[in-house]
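Chain residues, written in single-letter form:
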Amino acid sequence: MDSVLEIERNRPQGGLGELPTFVGLPTKNSARVLSEEAAELFKAILSVLNDLLLRAIDVQTREEFIALRSQIFDDTRKTQKAMGSLAMVVIPKPTLDRLVWESFSEMEADLTEHGAKKFGVVARDQAIFTVWTLRKINRLLSRIVEGPPISAELKERDKEIAKDFSFYVYWAQFHIECLFAAMRFKKPITPDVLDEICDGLRAVVNAYGLVRQGIALRWPSQDNEEPGTFEWDEEDQELLDSSMADMEEMEIEEY
Amino acid sequence: MEFKQGEIYWVMMKDTATTGAEQKKDRPYVIVSRNQINRLGQHVVAVPFTSKLRHACAHRILIPTTQMVPNPACARKLVDSVALTDHIRVLDKSRLEQPKMGDLSETARLGIEGALAYVFDIR
């Protein structure tokens, strides 16, 4: 369950603003905007990534998957980073933003169309939630990258957040890409391995929490200011009583 | 009494002064409403926890105890839990048992925020 916390973290040194925008996800349309040389290079990197992912989903048991993942995770992360860095060099920023956006839409559409049949409803929903959250993370990260530089006294904290964020976002990405590799190459995933992949997808929540901390560091919340005047009236009380009464009927299992 | 976002409280469904007994539906909740709102009325908005980890799914977030800071003054013990974000509720402050059980880590608190955005489809 806590396997996500047990992996050695090979962390980057920069702050959140220095991390590349999140571009490692494959998109069917990207080839159209690339030069021939760049497209070839992308294809070669993608091929390395696919080989790694296919090895991961080819195993039969959770134990084998965990063992193999510990061998190849760092390589998949380096490959994803390489793809992202190359994209930022060869694709203009507005086009890249559009491609990243499209890639999320393609992923959501693929999961909606084929996910339940391939992985079951629970895993499909977990995967859709992961892609939805990655899209949100991408938007927040763009805001950070385009935002003002962080003050000197907050730089150390920003670096710490970036280190953890980098780990969790690539961890979530590794597991979601295992699912997409299974779809692309029509490979089955055993239920045991699928459970572990779904567990790995949970890392996206940590990644979101961390990138939000990066936002809060740059644009602090005004939440501690005094609220304006407010009169609690009978209607408020009725609504509150009604909510508490509803809870008596609430159908949640005992804690 | 000030209630803050990210604080975890044991919530009693009925007034224990009148019932004198803990109900089956009593459970921990984490406050998710912003502090400005928490200062305003007699209510907070909160998400219930369950200790049944099989409930964890896409938007129902698994919160290990490593992401919680227990309050040493509270006798109730925090355990690995799942935040049932789709059961978000308005709570009467008087049903929040003192002292608080603890606080969520910043990462977990914001993770729940992300799950709530998904529940409400806030893009």
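Let me sum up the structure you'll find in this document. Computed from a predicted structure; not experimentally measured. (Residues numbered from 1 in each chain as written. Chains lettered and ligands numbered in written order. Predicted model: local features only at pLDDT ≥ 70, side-chain atom pairs only at ≥ 80, totals over all residues. Heavy atoms only, no water.)

### Side note on the packing of helix α5 (residues 121-146) of chain A against helix α3 (residues 106-119) of chain B
The criterion, for reference: Convention adopted: a line fitted to C-alpha atoms gives each axis, helices being fitted over their contacting stretch, and angles between N-to-C directions are expressed from 0 to 180 degrees. What counts as a helix is a DSSP run of H or I of at least four residues, what counts as a strand is a run of E of at least two, and both are numbered from the N terminus. An angle below 35 degrees is treated as roughly parallel, one above 145 as roughly antiparallel, one from 65 to 115 as roughly perpendicular, and anything else as oblique. For this analysis, residues touch if any pair of their heavy atoms sits within 4.5 Å. Three categories are distinguished: nonpolar for Ala, Val, Leu, Ile, Met, Phe, Trp, Tyr, Cys and Pro, charged for Asp, Glu, Lys and Arg, and polar for the others, with Gly belonging to the last.
For the pair α5 of chain A and α3 of chain B, interaxial distance at closest approach is 11 Å and the crossing angle is 110°. With respect to α3 of chain B, the element α5 of chain A is oriented roughly perpendicular. Contact residues: α5 of chain A offers Asp 125, Ile 128, Phe 129, Trp 132 and Lys 136 of chain A, while α3 of chain B offers Gly 114, Ala 115, Ala 117 and Tyr 118 of chain B. Classifying every residue of the contact of α5 of chain A with α3 of chain B by side-chain character gives six nonpolar, one polar and two charged.

### Thoughts on the nonpolar core
The following threshold applies: Each nonpolar core is a collection of buried residues, namely Ala, Val, Leu, Ile, Met, Phe, Trp, Tyr and Cys, held together in the definition by side-chain atoms within 4.5 Å. Accessible area is worked out with a 1.4 Å probe on protein chains only. A residue is then buried under 20% of its type maximum, exposed over 50%, and partly exposed in between.
Counting residues in each nonpolar core, the largest one holds 91 residues, and the members touching the most others are Phe 165, Ile 176, Leu 179 and Ile 189 of chain A together with Leu 104 of chain B. Looking at which element gives the most residues to this core, the answer is helix α6 (residues 155-184) of chain A, with 17 residues. In this structure Ile 176 of chain A touches Met 107, Ala 127, Thr 130, Val 131, Leu 134 and Leu 201 of chain A, once residues within four positions along its chain are discounted. Among the nonpolar cores identified, the runner-up in size contains 18 residues, and Met 244 and Ile 252 of chain A together with Tyr 29 and Val 44 of chain B belong to it.

### Observations concerning helix α9 (residues 234-249) of chain A
Counted only if it meets this: Every helix has an expected span of 1.5 Å times one less than the residues it contains. Throughout, the arc means the angular range of directions from the helix axis out to the C-beta atoms.
Relative to the 22 Å expected for 16 residues at 1.5 Å per residue, α9 of chain A spans 23 Å between its end C-alpha atoms, a close match to the ideal helical length. By the burial criterion, the buried members of α9 of chain A are Leu 240, Ser 243, Met 244, Met 247 and Glu 248 of chain A. Angular distribution of buried residues about the axis of α9 of chain A spans 155°; they occupy a single face of the element. The exposed set on the far side of α9 of chain A, more than 90 degrees from its buried face, consists of Glu 234, Glu 235, Glu 238, Leu 239 and Glu 249 of chain A. Packed against the buried residues of α9 of chain A are β2 (27-31), β3 (43-50) and β7 (89-92) of chain B.

### Some points on the environment of Ser 35 of chain A
All names here are of chain A. Of note, Ser 35 is situated in the loop between α1 (3-6) and α2 (36-57). Of the residues examined, Ser 35 reaches a relative accessible area of 39% and is grouped as partly exposed. In the structure, Ser 35 is positioned 55 residues away from Val 90 in sequence and 8.4 Å away in space, judged by C-alpha atoms.

### Structural notes on helix α8 (residues 203-218) of chain A
For α8 of chain A, built from 16 residues, the straight-helix expectation of 22 Å at 1.5 Å per residue is met to within 8% by its first-to-last C-alpha distance of 23 Å. α8 of chain A sits mainly inside the fold: 15 of its 16 residues count as buried.

### Focus on the interface of chain B and chain A
Just so we agree on the cut-off: Buried area: the sum, over both parts, of the accessible surface (1.4 Å probe) that disappears when the two are put together. When a carboxyl oxygen of Asp or Glu is within 4 Å of a side-chain nitrogen of Lys or Arg, the pair counts as a salt bridge.
Contacts between the two partners involve 58 residues from chain B and, on the opposite side, 41 residues from chain A. Carbon and sulfur atoms supply 57% of the area that chain B and chain A bury against each other, a total of about 4,400 Å² over both sides. Seen at the junction of chain B and chain A, the total is one salt bridge. The shortest N-O distance in the salt bridge between Arg 212 of chain A and Glu 113 of chain B comes to 2.6 Å. Among the elements that take part in the side of chain B that touches chain A, α3 of chain B stands out by supplying nine residues, more than any other.

### Overview of the packing of aromatic side chains
Residues and elements named next belong to chain A. Rules: Pairing of aromatic side chains here covers Phe, Tyr and the six-membered ring of Trp, requires ring centres within 6.5 Å, and sorts the geometry by plane angle: under 30 degrees stacked, over 60 edge-to-face, intermediate tilted.
Across all of its chains, the model carries ten aromatic pairs over all chains by this definition. With a centroid separation of 6.4 Å and an interplanar angle of 40°, the aromatic rings of Phe 65 and Phe 174 are classed as tilted. Linking Phe 65 in helix α3 (residues 62-90) with Phe 174 in helix α6, this pair joins segments that are 109 residues apart in sequence. Judged by relative accessible area, Phe 65 falls into the buried class, the value being 0%. When its relative accessible area of 0% is taken as the criterion, Phe 174 is described as buried. A ring pair is formed by Phe 73 and Phe 167, whose centres lie 6.1 Å apart and whose planes are at 80°; its orientation type is edge-to-face.

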